Amino acid sequence: MSLLSASLLDWYDRHARVMPWRTGPQARRDGTRPDPYRVWLSEVMLQQTTVAAVRDYFARFTTLWPTVADLAAAEDGAVMAEWAGLGYYARARNLLKCARAVVADHGGAFPDTREGLLSLPGIGPYTASAIAAIAFDRAETVVDGNVERVMARLHDVHRPLPAAKRELTALAAALTPAARPGDYAQAVMDLGATICTPRSPACGICPWRAPCAARAAGTAPELPKKTPKKAKPTRHGIVYLARTPSGGWLLERRPDKGLLGGTLGWPGTGWADLAEPLPDPEPPLDADWRQVPAEALHTFTHFHLRLTIMVAEVPDVSGTPPARIPPGDRAVVPRDLFRPSDLPTLMRKAFDLAQGAFDNV
DNA sequence: AATTCGGGGTT
DNA sequence: AACCCAGAATT
């Protein structure tokens, strides 16, 4: 093991705060291994998502579905409902595909190699390495945003991302030790998350202070370089919230592909750029629609959205459980089966504004 | 290589 | 506002 790797593992042993879903160095010495199901679930949830945002979702998922077999047997709509608010909903769809593939094709046990894991839905280069290293003690190299930043600074790499990805991966691989690869992987990421932060890195207390090239050059705070991103345009559309006298709501499940794919929401128009012709208002049914005097404002990865909200009272019809609404379809969900927490954040914003409008009538 | 995927916290 | 986040899939 290199001196660099050893010094980082030493730092990790002294400073690591063990994540709730992991066993730490102490547990490893007891001979226990992390549950691959929990490692997988946490790593998928943590893709582009902060630990604070994930914590409650992870607890809920593992309570509802303690094993991969339990999750594989779950209803699609139930999983989408529990994922609501966490974002990147393709992760939830792939989560189910992956769980069902593990049960159907691997006897209910996750593959224990990087290559085997890579073949599963929703598991890419990072997650495959993370599971292999953390759950199965394989000497694989994890490269996430933290590791990219740490390597760019340690070696003073000025080539911008994503072009520098291959170079940074090679630099990280050269440091990965054969011993304790899972702890080492978490150590590099912890270093990036707590000391080698994007801005104002705490170089003074960094275990790699001495060997860090960017620290010596004074370039640490400006690394890694990144190619500039495009500005976000603003789009807008209309949603229609229909409520029945008994308190039911007309909901639809979006098609599985595209933005918010597979999630529950309100019927509405498409979303057009402000410079383009507005989408034709097409209410889902004939009613006395009233406009709510407030818009739902939301920002996605690559555009801003302003949603006009229309509300109306419509006659009662027999209801449908939300999880039973198939993709592309719509139905009235009875009052006692409707949970606003089942909605993605945009649709919940619209609901909250409409709710206020109904209350004021 | 570039784009499409959420949402919230930090600066 | 811009940037960031234990990225993956698609084009």
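The name an unreviewed UniProt entry assigns to chain A is Adenine DNA glycosylase, from the organism Pseudooceanicola pacificus. Per UniProt, chain A has the following entry under Sequence similarities (unreviewed entry): "Belongs to the Nth/MutY family." Under the heading Function (unreviewed entry), UniProt records this for chain A: "Adenine glycosylase active on G-A mispairs. MutY also corrects error-prone DNA synthesis past GO lesions which are due to the oxidatively damaged form of guanine: 7,8-dihydro-8-oxoguanine (8-oxo-dGTP)."

1. Some details on the protein's contact with DNA strand C
Taken together, 23 residues sit near DNA strand C, with Gly122, Gly124, Thr127, Asp144 and Arg149 positioned nearest. In the interface set of DNA strand C, defined as its atoms within 4 Å of the protein, sugar plus phosphate atoms amount to 64%. Here Gly124 contributes a backbone N or O atom positioned 2.9 Å from a phosphate oxygen of DNA strand C. A distance of 2.7 Å separates a sugar or linking oxygen of DNA strand C from a polar atom in the side chain of Asp144. Breaking the surface near DNA strand C down by element, the ones donating at least two residues are helix 9 (125–136), helix 10 (145–154) and helix 12 (181–194). The residue inventory of the surface near DNA strand C, partitioned by class, reads 8 nonpolar, 8 polar and 7 charged.

2. A short note on the pattern of salt bridges
Following the criterion strictly, the structure yields 16 salt bridges and no others. For Arg324, the salt bridge goes to Glu75, with nearest N and O atoms at 3.0 Å. In this pair, Arg324 sits in the loop between strand 7 (304–313) and strand 8 (330–333) while Glu75 sits in the loop between helix 5 (68–72) and helix 6 (76–83), placing the two residues 249 residues apart along the sequence. For Arg180, the salt bridge is made with Asp183, and the minimal N-O distance between the two is 2.9 Å. The network of salt bridges with shared partners includes Arg60, Glu82, Arg339 and Asp342.

3. A closer look at the protein's contact with DNA strand B
Around DNA strand B sit 19 residues, and of these Gln48, Thr49, Tyr88, Leu260 and His298 come closest. Among atoms of DNA strand B positioned within 4 Å of the protein, sugar and phosphate together represent 64%. At 2.9 Å from a phosphate oxygen of DNA strand B is found a side-chain nitrogen or oxygen belonging to Tyr89. The backbone of Leu259 places a nitrogen or oxygen atom 3.2 Å from a phosphate oxygen of DNA strand B. Considering only residue class, the surface near DNA strand B consists of 8 nonpolar, 9 polar and 2 charged.

4. What to know about the domain arrangement of chain A
Domain boundaries in chain A define domain 1 (3–222) and domain 2 (234–359). Between domain 1 and domain 2, the C-alpha centre-to-centre distance is 36 Å. Taken together, the contact pairs 12 residues of domain 1 with 15 residues of domain 2. Here domain 1 meets domain 2 over a buried area of about 950 Å², counting both sides, of which 46% is carbon and sulfur. Broken down residue by residue, the surface that domain 1 buries against domain 2 is led by Glu75, Tyr89 and Arg93, which jointly contribute 42%. Put simply, domain 1 and domain 2 have 4 residue pairs in polar contact (both at pLDDT 80 or more) between them. Taken together, the residues of the side of domain 1 that touches domain 2 break down into 6 nonpolar, 2 polar and 4 charged.

5. Examining the side chain of Thr141
Secondary-structure assignment places Thr141 in the loop between helix 9 and helix 10. Within the local environment of Thr141, its side chain forms a polar contact with the side chain of Thr176, the two groups lying 2.8 Å apart. Thr141 has contacts with Ser129, Thr169, Ala172, Ala173 and Thr176, leaving out every residue within four places of it along the chain.

6. Comments concerning helix 6
For helix 6, the buried fraction is high: 6 of the 8 residues fall into the buried class. Within the span of helix 6, buried status applies to Gly77, Val79, Met80, Ala81, Glu82 and Trp83. Here the buried face of helix 6 lies against helix 3 (36–45), helix 4 (51–64), helix 5, helix 7 (90–106) and strand 2 (249–253). After helix 6 finishes, the residue Gly85 shows a positive phi value of roughly 100°.

7. Some points on the environment of Phe358
Assignment of secondary structure puts Phe358 in helix 14 (residues 345–359). Given a relative accessible area of 11%, Phe358 falls into the buried group. Considering only alpha carbons, one finds Phe358 and Met347, 11 residues apart in sequence, at a separation of 16 Å. Each residue touching Phe358, except ones within four places of it in the same chain, is listed here: Arg243, Trp249, Val311, Ala312 and Glu313.

8. Thoughts on the packing of aromatic side chains
All told, the structure shown has 14 aromatic pairs when counted by the stated rule. For the pair Trp249 and Phe351, a centre-to-centre distance of 5.3 Å together with 80° between the ring planes defines the contact as edge-to-face. One end of the pair, Trp249, is in strand 2; the other, Phe351, is in helix 14, with 102 residues separating them in the sequence. As far as the burial class goes, Trp249 and Phe351 line up, both buried. Seen from their ring centres, Phe300 and Phe303 are 5.1 Å apart, and the 40° between their planes marks the pair as tilted.

Here is what the cut-offs are and how they apply
- Residues numbered from 1 in each chain as written.
- Chains lettered and ligands numbered in written order.
- Predicted model: local features only at pLDDT ≥ 70, side-chain atom pairs only at ≥ 80, totals over all residues.
- Heavy atoms only, no water.
- UniProt positions renumbered as here; feature names shortened; annotations may be inferred.
- Near = heavy atom within 4 Å.
- Polar contact = N/O pair within 3.5 Å; in protein donor to acceptor, adjacent residues only side chain to side chain.
- Helix = DSSP H or I, 4+ residues; strand = E, 2+ residues; numbered from the N terminus.
- Nonpolar A, V, L, I, M, F, W, Y, C, P; charged D, E, K, R; others polar.
- Salt bridge = Lys/Arg side-chain N within 4 Å of Asp/Glu carboxyl O.
- Domains from an automatic or database assignment.
- Contact = heavy atoms within 4.5 Å.
- Buried area = accessible area lost by both parts, 1.4 Å probe.
- Buried < 20%, exposed > 50% of the residue type's maximum accessible area, 1.4 Å probe, protein only.
- Phe/Tyr/Trp six-rings, centres within 6.5 Å; stacked < 30°, edge-to-face > 60°.

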